[in-house]
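If you want the building blocks of each chain, they are given just below.
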Amino acid sequence: MSSDTSTEADTVVQPRVVPGRAAVAGQGPATLRAEAVSAWFGDHKVLDRVSLTMPARRVTALIGPSGCGKSTFLRILNRMHELVGSASLAGRVLLDEQDIYDRGRRITRARREIGMVFQKPNPFPAMSIYDNVLAGLKLNAIKATRDGKDDLVAECLTKAGLWSEVKDRLRQPGGALSGGQQQRLCIARSLAVRPRVLLMDEPCSALDPTSTRRIEETIAELKSEVTIVIVTHNMQQAARVSDTCAFFLASHGTPGVIVEHGDTDAMFDSPQDERTSDYVNGRFG
Ligand SMILES: Nc1ncnc2c1ncn2[C@@H]1O[C@H](COP(=O)(O)OP(=O)(O)OP(=O)(O)O)[C@@H](O)[C@H]1O
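The rules we used
- Residues numbered from 1 in each chain as written.
- Predicted model: local features only at pLDDT ≥ 70, side-chain atom pairs only at ≥ 80, totals over all residues.
- Near = placed C-beta within 6 Å.
- Helix = DSSP H or I, 4+ residues; strand = E, 2+ residues; numbered from the N terminus.
- Nonpolar A, V, L, I, M, F, W, Y, C, P; charged D, E, K, R; others polar.
- Pairing = 2+ DSSP bridges.
- Contact = placed C-beta atoms within 7 Å.
- Axes fitted to C-alpha atoms, helices over the stretch in contact; angles between N-to-C directions.
- pLDDT = per-residue confidence, 0-100.
- Buried ≥ 20, exposed ≤ 12 C-beta atoms within 10 Å, placed from the backbone.
- Parallel < 35°, antiparallel > 145°, perpendicular 65-115°, else oblique.

Some details on the site of the ligand
- Around the ligand, the neighbouring residues are Phe41, Val46, Gly64, Ser66, Gly67, Cys68, Gly69, Lys70, Ser71, Thr72 and Val84.
- For the shell around the ligand, the element with the highest residue contribution is helix α1 (residues 70-76), accounting for three residues.
- By residue class, the composition of the shell around the ligand is four nonpolar, six polar and one charged.

Quick word on the sheet that holds strand β4 (residues 87-95)
- The strand order across the open sheet built from four strands is β2-β1-β4-β5, with neighbouring strands paired in antiparallel fashion. The two strands at the open ends of the sheet, each matched to only one other strand, are β2 (44-54) and β5 (98-99).

Concerning the environment of alanine 160
- With respect to the secondary-structure elements, alanine 160 resides in the loop between α4 (146-159) and α5 (163-166).
- Remark: the alpha-carbon pair of alanine 160 and leucine 185, spanning 25 residues in sequence, is separated by 7.1 Å.
- Beyond its immediate chain neighbours, meaning those up to four positions away, alanine 160 contacts Arg184, Ile187, Ala188, Leu191 and Thr218.

Examining the pairing of β4
- Relative to β4, strand β1 (residues 32-41) runs antiparallel, the two being bridged by eight bridges. Note that in β4 the partner of alanine 39 across the bridge is leucine 89.
- By the bridge criterion, two bridges tie β4 to β5 in an arrangement that is antiparallel. Looking across to β5, one finds that leucine 95 is bridged to glutamine 98.
- Count of turn residues in the β4/β5 antiparallel hairpin: two residues, of which aspartate 96 carries a positive phi of about 45°.

Observations concerning the sheet that holds strand β10 (residues 257-263)
- Taken in spatial order, the six strands make up an open sheet running β6-β7-β8-β3-β9-β10, and their pairing is mixed. At either end of the open sheet lies a strand with only one pairing partner, and these are β6 (114-117) and β10. Ignoring strand direction, the axes of neighbouring strands in this sheet form an average angle of 15°.
- As judged from the six bridges shared by strand β9 (residues 244-249) and β10, these two strands associate in the antiparallel manner. Bridged to phenylalanine 247 within β10 is glutamate 260.

Comments concerning the confidence of the model for the protein
- On average, residues of the protein score 89 in pLDDT, and 91% of them reach the 70 mark or higher.
- If you check the scores for this complex, the pTM reads 0.89 and the ipTM reads 0.97.

Brief notes about unusual backbone geometry
- Phi angles above zero are rare outside glycine, and aspartate 96 is one such case at about 45°.
- Structurally, the position occupied by aspartate 96 is in the loop between β4 and β5.
- Residue classification places aspartate 96 among the partly exposed residues on the basis of 16 C-beta atoms within 10 Å.
- Within the chain, glutamate 202 stands out as a residue other than glycine whose phi angle is a positive 45°.

Some thoughts on the packing of helix α3 (residues 129-139) against α4
- Their axes nearest at 10 Å, the elements α3 and α4 cross at an angle of 95°. Relative to α4, the element α3 lies roughly perpendicular. Side by side, α3 and α4 meet where Tyr130, Val133 and Leu134 of the first sit next to Lys149, Val153, Cys156 and Leu157 of the second.
- Of the residues assigned to the contact of α3 with α4, the class counts are six nonpolar, no polar and one charged.

Right under this line is the structure:
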């Protein structure tokens, strides 16, 4: 696809998606389950036996005060924690009952099946919008035909809610987009390798309210195709976007634990633990 293929800038062109041509065989959204996960940086234990099921086709929000281990937990879910030299962990992470830490399972597979969107949008700034979307294919040695790539770019930008804004300038650099558009480009890039789970670490914290709302709409649209786990400090956002919620807490220098988890409406309307009630009602944190 080239940037001159569309002529009417304000017409939303629905991409022609040809199943199978984009080379990647996704298996659809999966349930992710953490079992008794503990984590350390050196001898500093930061998570203690955290267990949580993140159901397929649902948005799970991880909430809790700063430093309670939410990001560490998220990074354990796609084997990024082990990139830190001093880091270690115990427990299991099951993707549809397959342990992603099994010896025979490649780390690259875990990262492909479980994508990550970071706090700060991180497109390759000098690379075109088109090539940014496809960047993960090269990293994962996934081959696609020219037509397959065109279809995949259109499909992923559409799913990320960015297609109508960029379809006429796909050859422009990713760095020329606004912050909110860059974040949606990063979501499109993550989707291109057909992840089964998408992890999002405070994806809106660097964005203005309008862009935040747009990302939240994108999350709602995506959840039928990919399981989503989102870390957020914004309680209104957790209430708006998530179906299930887990409240993390690390009190007085102890490692982080989950105090309460369950249906988001129930967690916000009738929390079982007083600490959850205090946190979701803004009384601390
Ligand atoms: N790379 C690292 N090396 C050493 N300690 C770390 C590292 N990353 C995080 N920690 C420590 O692990 C603990 C949990 O941090 P983490 O970032 O997971 O918490 P968080 O709940 O995501 O916090 P925030 O909401 O502020 O992002 C903290 O005590 C933090 O200082």
